[in-house]
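What the coordinates show
So the chains spell out like this:
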Amino acid sequence: MPDKVFYSFHYKGDASRIQQVIQMGAVEGQQLLTGQKWEEVEKKGKAAVEKWIDEQMRGKKCLVVLVGAQTAGRPWVQHEIKKAWGDKLGVVGIRIHGLKDLNTQLTSTKGTNPFSSFNVNGTPFDSIVTCYDPPGADSKAVYASISNNIESLVQQAIKTRARFN
């Protein structure tokens, strides 16, 4: 049975790349909302978004941040990182900029590490959690690297978090 994870990401810029990772099926994530459904939740206000995140994160073992060009600066991604760590979930990032967008057939630029703006008891968070940058000369190689490593990255993140309980 795959580990249950909560995927955190910037939907607008990376929807196609996100779908590729989720469809690998190596780990089990929450049901994703379409951009339109997410906007419906957001229109209800901050409390509604926080409730949705709480409900979707419940029962998960790890937060997987799918890191694209603009992910690090997204307020809800930052909220999800803080919440996951506070709830004692493993946390890992996987860079997805090397995957082609299925519509444009283009890769993206490498975004900032979303963990670099946090710390845990004075220790930089990016020195605690992994932000995996999959190797590969093209999108197929990057896809294979993510597919071959996502399960072990999640398991390692869960073990790392357990050391901080």
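Further up the page is the structure itself.
Note that the structure is a prediction, hence the values are computed from the model and not measured.

Scoring rules and cut-offs
- Residues numbered from 1 in each chain as written.
- Predicted model: local features only at pLDDT ≥ 70, side-chain atom pairs only at ≥ 80, totals over all residues.
- Heavy atoms only, no water.
- Pairing = 2+ DSSP bridges.
- Helix = DSSP H or I, 4+ residues; strand = E, 2+ residues; numbered from the N terminus.
- Axes fitted to C-alpha atoms, helices over the stretch in contact; angles between N-to-C directions.
- Parallel < 35°, antiparallel > 145°, perpendicular 65-115°, else oblique.
- Left-handed = near helix turned anticlockwise from the far one by under 90°.
- Contact = heavy atoms within 4.5 Å.
- Nonpolar A, V, L, I, M, F, W, Y, C, P; charged D, E, K, R; others polar.
- Phe/Tyr/Trp six-rings, centres within 6.5 Å; stacked < 30°, edge-to-face > 60°.
- Buried < 20%, exposed > 50% of the residue type's maximum accessible area, 1.4 Å probe, protein only.
- Expected span 1.5 Å × (residues − 1).
- Bend = angle between axes of the 7 residues up to and from the residue.
- Polar contact = N/O pair within 3.5 Å; in protein donor to acceptor, adjacent residues only side chain to side chain.
- Arc of directions from axis to C-beta.

1. Quick notes on the sheet that holds strand β4 (residues 90-95)
Ordered in space as β2-β1-β3-β4-β7, the five strands form an open sheet in which the pairing is parallel. Lying at the two open borders of the sheet, with one neighbouring strand each, are β2 (28-29) and β7 (131-132). Pairing of strand β1 (residues 4-8) with β2, which is carried by two bridges, proceeds in the parallel orientation. Looking across to β2, one finds that Val5 is bridged to Gly29.

2. Let's talk about the packing of helix α3 (residues 46-57) against helix α4 (residues 75-86)
Between α3 and α4, the shortest axis-to-axis distance is 11 Å and the interhelical angle comes to 45°. Looking at the two axes, α3 sits oblique to α4. Note on packing geometry: the crossing formed by α3 with α4 is right-handed. Contact residues: α3 offers Lys46, Val49, Glu50, Ile53, Asp54 and Met57, while α4 offers Trp76, His79, Glu80, Lys83 and Ala84. Looking at the contact of α3 with α4, its residues break down into five nonpolar, one polar and five charged.

3. What about the packing of aromatic side chains?
Across all of its chains, the model carries six aromatic pairs by this definition. Between the aromatic rings of Trp85 and Phe125, the centroid separation amounts to 5.0 Å while the plane-to-plane angle is 85°, which identifies the pairing as edge-to-face. With Trp85 in helix α4 and Phe125 in the loop between β6 (123-124) and β7, this residue pair connects regions lying 40 residues apart in the sequence. Taking relative accessible area as the criterion, Phe125 reaches 2% and is therefore assigned buried. Centroid distance Phe115 to Phe125: 5.7 Å. Interplanar angle 85°. Geometry classified as edge-to-face.

4. Overview of the environment of Ser108
Mapped onto the secondary structure, Ser108 falls in the loop between β4 and β5 (119-120). Ser108 sits 44 residues away from Ser152 along the chain, and the two C-alpha atoms are 25 Å apart. Leave out the neighbours within four places in its chain, and Ser108 touches Arg17, Ala69 and His97.

5. Comments concerning the pairing of strand β3 (residues 62-67)
Counting buried residues along β3, six of its six residues qualify, which places the element largely inside the surrounding structure. Residue alternation in β3 divides its side chains into two sets, Cys62, Val64 and Leu66 and Leu63, Val65 and Val67, and both sets are buried. Here β3 runs beside β4; their pairing, made up of six bridges, is parallel. Within β4, the position partnered with Val64 by the bridge is Val92.

6. A few points about helix α5 (residues 139-162)
Between its first and last C-alpha atoms α5 spans 33 Å; for 24 residues at 1.5 Å apiece the expected length is 34 Å, and the two agree. At Asn149, α5 shows its strongest bend, of approximately 45°. Among the residues making up α5, those that are buried are Ser139, Val142, Ser145, Ile146, Ile150, Leu153, Val154, Ala157, Thr160 and Arg161. Buried positions along α5 lie against β1, α1 (11-22), β3, α4, β4 and β7. Two to three positions downstream of the cap, the backbone nitrogen of Lys140 sits 3.2 Å from a side-chain oxygen, assigning the N-cap of α5 to Asp138.

7. Details of the environment of Ala48
For Ala48, the position within the fold is in helix α3. Ala48 sits in the partly exposed class, given a relative accessible area of 22%. It is 30 Å that separates the C-alpha atoms of Ala48 and Asn121, two residues lying 73 residues apart in sequence.

8. Some details on α3
The end-to-end C-alpha separation of α3 is 16 Å, in line with the 16 Å expected for 12 residues at 1.5 Å each. Considered for burial, the residues of α3 that qualify are Val49, Trp52, Ile53, Gln56 and Met57. The arc enclosing the buried residues of α3, seen along the axis, measures out at 120°, which places them on a common side. Facing away from the buried side of α3, by more than 90 degrees, are the exposed residues Ala47 and Lys51. Positive backbone phi, at 85°, marks Gly59, one or two positions downstream of α3.

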